[in-house]
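# Residue-level structure breakdown
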Amino acid sequence: MSGWVVSAQLRWVLGTCERLTALSRLQIVRQHLMSTNANLEKEVILTKSGSTGIITLNRPKALNALNLSMIRQIYPQLKKWEQDNETSLVIIKGAGEKAFCAGGDIRAVTEAGKVGDRLAEDFFREEYILNNAIGNCQIPYVALINGITMGGGVGLSVHGHFQVATEKTLFAMPETGIGLFPDVGGGFFLPRLEGKLGLYLALTGFRIKGRDVHQAGIATHFVKSDKIPDLERDLVSLKSPSKEDVADLLNSYHFKCKADHKFVLAEHMDKINRLFETNSVEEILENLQEDSSPFAVQSLKTLKKMSPTSMKITFQQLREGATKNLAEVLVMEYRLSQSCMRGHDFYEGVRAVLIDKDQSPKWKPATLEEVTEEYLKSCFQSLGSKELKL
C-alpha cells in the first residue's frame, strides 16, 4: 500500500476521533496500522507450530509468484527461526492446488527496469540474499513443492536440505525464452545434475513433471499429493528433530510411494551428454543439426526460439558455476541480472511471452554469431560498489 494512501486514511481516522481521549485515538491508530500490516502480510503467512516454523506462500491466484514484499517478510523470519532455540525445523509450501511458486514477479521487475527504478536492483539482490540464506540454513529446511515450481520458486526450494515433489510438481527454468538466464542459483545446482542434463534444462527450458523431478536429482523425495497433509503433520510432530530425523521420516513416506518409473529423458541422456558436451552454444546447434534424430530436431527447433544472448550467458554461467560455491554463483548471477536489465532481450521476451503473448520475440542481436565475446565478458564484470554482498 502506498504511503499517501496510508496517510489519507490516517487523516480520516484521526478526523473522526477529535472528541476521543488521546489514549483512545492512539489505540485506533495502532489498530489501523496493524490492519494495514496484516493486509500486506497476507501474501505470505508465517506461523509457528510446536518447534516448526511454517512459511506459506499465499498468492494462489498469481500461482504464488514471489515479489519483493514477500522476500522482505520471509528473510528476517527465517534468520530469526534459525537463531532461536525454540525452532528446529522450517517448512515452506504454497497455498492452493496449482503451484508451489511459479517464479518471481517478473512483470513488476520489467516495468521498474524500463524507468530505472530501484526495484530492478533490489528484487534480484534481496532474492539472492534469501537464496543464500536458505542454502546455509542451520536447521532442517523442507520445501513441499506440490505444483508448479519454476524460476524464483526453484530458488526457494532447491538450495534447502529437502525438496518433496508430488505427481502435481512441474519443474522448469524457462528463462532463456524471456531473455533472462536460469538464476536464483541455477549456476550452482544445474551443472551438478547428471551429465549434461542441467545444461539441457537450462538452455531449452524443458519441463519435468512428478516423479521425474526426483529422478532428475532436483527433489530429494517423492510423495503423493494426498499424503502431503499427513507428512506435514508428522513433520510438525517431531520433537527438536535433527536432519537425520527429518530424513528418516521423509524416506518412510518416499518408499511407500515407490513404483517402477522410467525417467522421461532416460532414452535421450546419451544424446544429451554427447551433443551438449561442447565449447560453445554454436557447437551444440551444429551437433543437433548433424544428428538429425527426432529428439535432436525438436531440441534444435526449441533452441532457435530462445534469446541468443541468453543462451550464451547461460552456457558460460553453468560452466563457471560448476567450480564455484553457492555464494560465488549468486554474486556472479547478480552481475548477470543487472546486465540483462541494461539490455534489450529481457524486456522484449517479457512483452512477447507475458504481456502481448504473441510468442514472437524479436531478439537483438538475432543470431548467436552477433553476440560478441567482448559483450559476453562485460556481462560477467564486477559491479564495483554495487556488487552483491553476502
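Residues numbered from 1 in each chain as written. Predicted model: local features only at pLDDT ≥ 70, side-chain atom pairs only at ≥ 80, totals over all residues. Heavy atoms only, no water.

## Re helix H13 (residues 281–291)
- Listing the buried residues of H13 in full gives Val 281, Glu 282, Ile 284, Leu 285, Leu 288 and Asp 291.
- Considering only its buried residues, H13 is in contact with helix H8 (197–204), helix H12 (269–275), helix H14 (294–303) and helix H15 (308–321).
- Positive backbone phi, at 60°, marks Ser 292, one or two positions downstream of H13. (Buried < 20%, exposed > 50% of the residue type's maximum accessible area, 1.4 Å probe, protein only. Helix = DSSP H or I, 4+ residues; strand = E, 2+ residues; numbered from the N terminus. Contact = heavy atoms within 4.5 Å.)

## A look at the sheet that holds strand E8 (residues 170–172)
- Spatially, four strands are ordered E4-E6-E8-E9 in an open sheet, and the strand pairing comes out mixed. Edge strands, defined here as strands with exactly one partner in the open sheet, are strand E4 (99–101) and strand E9 (208–209). (Pairing = 2+ DSSP bridges.)

## Notes on the packing of helix H3 (residues 68–83) against helix H5 (residues 119–135)
- Here H3 crosses H5 at 30°, and the two axes come no closer than 10 Å. Viewed along their axes, H3 and H5 adopt a mutual orientation that is roughly parallel. At the point where H3 passes H5, the crossing takes the left-handed sense. On H5, the residues touching Leu 68, Ile 71, Arg 72, Ile 74, Tyr 75, Leu 78 and Lys 79 of H3 are Leu 119, Asp 122, Phe 123, Glu 126, Glu 127, Ile 129, Leu 130, Ala 133 and Ile 134. (Axes fitted to C-alpha atoms, helices over the stretch in contact; angles between N-to-C directions. Parallel < 35°, antiparallel > 145°, perpendicular 65-115°, else oblique. Left-handed = near helix turned anticlockwise from the far one by under 90°.)

## Things to note about a negative patch on the surface
- A cluster of acidic residues, Glu 283, Glu 286, Glu 290, Glu 369 and Glu 370, forms a negative patch on the protein surface.
- Of note, Glu 290 is situated in helix H13. (Patch = residues over 30% accessible without salt bridge, like charges linked within 9 Å, V, L, I, M, F, W, Y side chains within 5 Å. Areas by Shrake-Rupley, 256 points an atom, 1.4 Å probe, with all protein chains shown as cover. Salt bridge = Lys/Arg side-chain N within 4 Å of Asp/Glu carboxyl O. Lys, Arg positive; Asp, Glu negative; His and termini not counted. Charge placed at Lys NZ, Arg CZ, Asp CG, Glu CD.)

## Some words on the confidence of the model for the protein chain
- Of the residues in the protein chain, 89% have a pLDDT of 70 or more, and the chain-wide mean is 91.
- Under a pLDDT of 50 for its full length, residues 1–39 has, in the predicted model, 19 contacts with residues more than four places off or in other chains. (pLDDT = per-residue confidence, 0-100.)

## Let's talk about the packing of aromatic side chains
- Applying the stated criterion across every chain, the model contains eight aromatic pairs.
- Ring centres of Tyr 200 and Phe 206 lie 5.8 Å apart, and the angle between their planes is 45°; this geometry places the pair in the tilted category.
- Residue Tyr 200 is classed as buried on the basis of its relative accessible area of 5%.
- The rings of Phe 123, Phe 124, Tyr 128 and Tyr 334 are connected pair by pair, giving a single aromatic cluster. (Phe/Tyr/Trp six-rings, centres within 6.5 Å; stacked < 30°, edge-to-face > 60°.)

## Some remarks on the side chain of Thr 56
- Mapped onto the fold, Thr 56 is located in strand E2 (residues 52–57).
- Beyond its immediate chain neighbours, meaning those up to four positions away, Thr 56 contacts Glu 43, Val 44, Ile 45, Lys 93, Gly 94 and Ala 95.

## Concerning the pairing of strand E5 (residues 141–145)
- Within E5, five of the five residues are buried, leaving the element largely enclosed by the surrounding structure.
- In E5, alternate side chains face the same way, and those of Tyr 141, Ala 143 and Ile 145 on one face and Val 142 and Leu 144 on the other are all buried.
- In this sheet, E5 lies alongside strand E3 (residues 89–94) in parallel orientation, the contact comprising three bridges. Within E5, the position partnered with Ile 92 by the bridge is Ala 143.
- Judged from the four bridges that link them, E5 and strand E7 (residues 162–165) form a sheet pairing that is parallel. Residue pairing in the sheet places Leu 144 in a bridge with Val 164 of E7.

## Quick word on the nonpolar core
- In this structure, Leu 57, Leu 231 and Phe 276 are the most contacted members of the largest nonpolar core, which totals 107 residues.
- Take this core: its biggest share by element is nine residues, from helix H16 (residues 326–342).
- Filtering out sequence-adjacent residues up to four positions away, Phe 276 remains in contact with Lys 196, Leu 199, Tyr 200, Leu 203, Lys 271, Ile 284, Leu 288 and Leu 303.
- By size, the runner-up hydrophobic cluster in this structure holds five residues, among which are Ala 99, Ile 148, Leu 170 and Ala 172. (Core = buried A, V, L, I, M, F, W, Y, C linked by side-chain atoms within 4.5 Å.)

## Some points on the pattern of salt bridges
- Tallying each qualifying case throughout the model produces 20 salt bridges.
- A salt bridge links Asp 122 to Arg 125; its shortest N-O distance comes to 3.0 Å. In this pair, Asp 122 and Arg 125 both sit in helix H5, three residues apart, roughly one turn of the helix. Neither Asp 122 nor Arg 125 differs from the other in exposure class; each is buried.
- The salt bridge involving Lys 196 is made with Glu 277; its shortest N-O contact spans 4.0 Å.

## What to know about the environment of Ala 62
- Mapped onto the elements of the fold, Ala 62 is located in the loop between E2 and H3.
- Along the backbone, Ala 62 and Lys 98 are 36 residues apart, and their C-alpha atoms lie at a distance of 10.0 Å.

## Overview of the state of the cysteines
- Scanning all chains against the criterion turns up zero disulfides.
- Here Cys 379 stays free of any disulfide, with the sulfur of Cys 340 as its closest cysteine sulfur at 6.8 Å. (Disulfide = S-S within 2.5 Å.)

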